[in-house]
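Coordinate inspection notes
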Amino acid sequence: MISCDVVIIGAGPSGSSAAAVLAEKGHKVILVERSKFPRYHVGESLLPFNSKILKRLGLLDKMRKSSFIKKHSVQFVDQEGIMSKPFYFNTRYPDELAQTWQVERSEFDNLLMQTAKQNGALIMEETKVVSLIEENGKILGLNALNQKKENVEIRAKITLDCSGKEAFSANRLGWRVKDPELNKVAIWTYFEGAARASGVDEGATTVAFIPEKGWFWHIPLQNNKTSVGVVAEGKYLFSSGKKDLSEIFNKLVKQNKWIESNLKDAHHIGEYWVTNEYSNHSKYCSKQGLMLAGDAYCFLDPVFSSGLMLALKSGLLAADAIDLGLIENDLTPARFKSYARTLRDGINNMRILVCAFYSEGFTFKALIDRFPNLAGDVTDCLSGDINKDYTSLHEAIATMVQICLLYTSDAADEEDSVDLGGRRI
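We now turn to the structure provided with this report. Note that this is a predicted model, so its numbers are computed, not measured.

Quick notes on the rules
- Residues numbered from 1 in each chain as written.
- Predicted model: local features only at pLDDT ≥ 70, side-chain atom pairs only at ≥ 80, totals over all residues.
- Heavy atoms only, no water.
- Pairing = 2+ DSSP bridges.
- Helix = DSSP H or I, 4+ residues; strand = E, 2+ residues; numbered from the N terminus.
- Buried < 20%, exposed > 50% of the residue type's maximum accessible area, 1.4 Å probe, protein only.

1. What about the sheet that holds strand S16 (residues 267–276)?
The sheet built from seven strands is open, its strands ordered S5-S4-S13-S14-S15-S12-S16 with mixed pairing. Of all strands in the sheet, those with a lone pairing partner are strand S5 (87–88) and S16, marking the two edges. Alignment of strand S13 (residues 205–210) against strand S14 (residues 214–221), held across five bridges, turns out to be antiparallel. Opposite Phe209, over in S14, you have Trp215 as the bridge partner.

2. A word on the environment of Gly234
Looking at the secondary structure, you find Gly234 in helix H7 (residues 234–237). Under the relative-accessibility criterion, Gly234 is labelled buried at 17%. Measuring from C-alpha to C-alpha, the distance between Gly234 and Asn183 comes to 8.0 Å, with 51 residues separating the pair along the chain.

3. Section: the pairing of S14
Extensive coverage of S14 is indicated by the burial of eight of its eight residues. The two faces of S14 match: Gly214, Phe216, His218 and Pro220 on one face and Trp215, Trp217, Ile219 and Leu221 on the other face are all buried. By the bridge criterion, seven bridges tie S14 to strand S15 (residues 225–233) in an arrangement that is antiparallel. Bridging across to S15, Pro220 finds its partner in Thr226. Connecting S14 to the next strand, S15, in antiparallel fashion are three residues, including Asn223 with a positive phi near 60°.

Set out below in structure tokens:
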């Protein structure tokens, strides 16, 4: 048996960022990771406001010196292949936010994990969490199998679940719920030699539209590699009845002339990947002895590249909340209400824009044409500044489409506070 202050499940961005902060503050932290790093992961695009988090983690200089492709803008392409003008971050933000990165997750996540290790966290790779230890309704730690298949019992003052989409705790506690509005499927793969712009536009994220509110992502990575994926309703992606992912993907490439043109001379590498109906959330954010962060709490449709931002932000928020709880010897769920509400409200703010994006007849251009004073709010939320007061923006969107907020409870011991269908306004 091993004892510590905090045991963290998963060494992805939320887990490693939380471990780095907590270990730096002097707490005994054990980070349990089932894989051997570096390991593959999708979700390669950072948002401008990630830079504030990277600065706090002491990683900005390393990022600036890295080979990661610099990202200065986002652009959109209609179904006919006609490209909008790029939105350059420096038209809205100062230099420290005006440029971010497209990252190979194997390298980026390893950088985060090594930062946690350097700060003093104990890293247990190739260690699979088997169960939570629960006594009298309180989580006291976890049981795991290490790389030698030996049983390991880790007791902790609090367990932080950052297990990603696996959502270890939420699934076992019956908290995991599919998003009632967002039920998309993604198919993605990689290419060498895909066409890309040069100079400041080389690293732009491109969103290219196809019928049925579907879209492609086109994310340039280092070493002349490009991540390309398509997202849509499953019934549209698989309407042909074909099951071969390469056939489906290559057929859909022809649905957007810009994507087709950019890939015509490219060389496909690796395999095709698929994930089904991936937007989901947990009914609760914490219970006695347990907290959730990152994708283990909520994962949103990736149309606005929010995944890494939410993971990193929630990891830091969780670390700060746990740090104060340890200092004041109070780790009750009530202690974490502020953390839960901040995280939940930020997710809801981003989710409203995602749902609007998929609503029939809605476009952000039409919204801004009607409400030009709200252009800055749209930009700020989509750039990762998700915890501003966006009441005016939400009211404006509601004049165009019906929107639904997800309401989850702060803690599992608070009754009658969960409305899984959300509230429509």
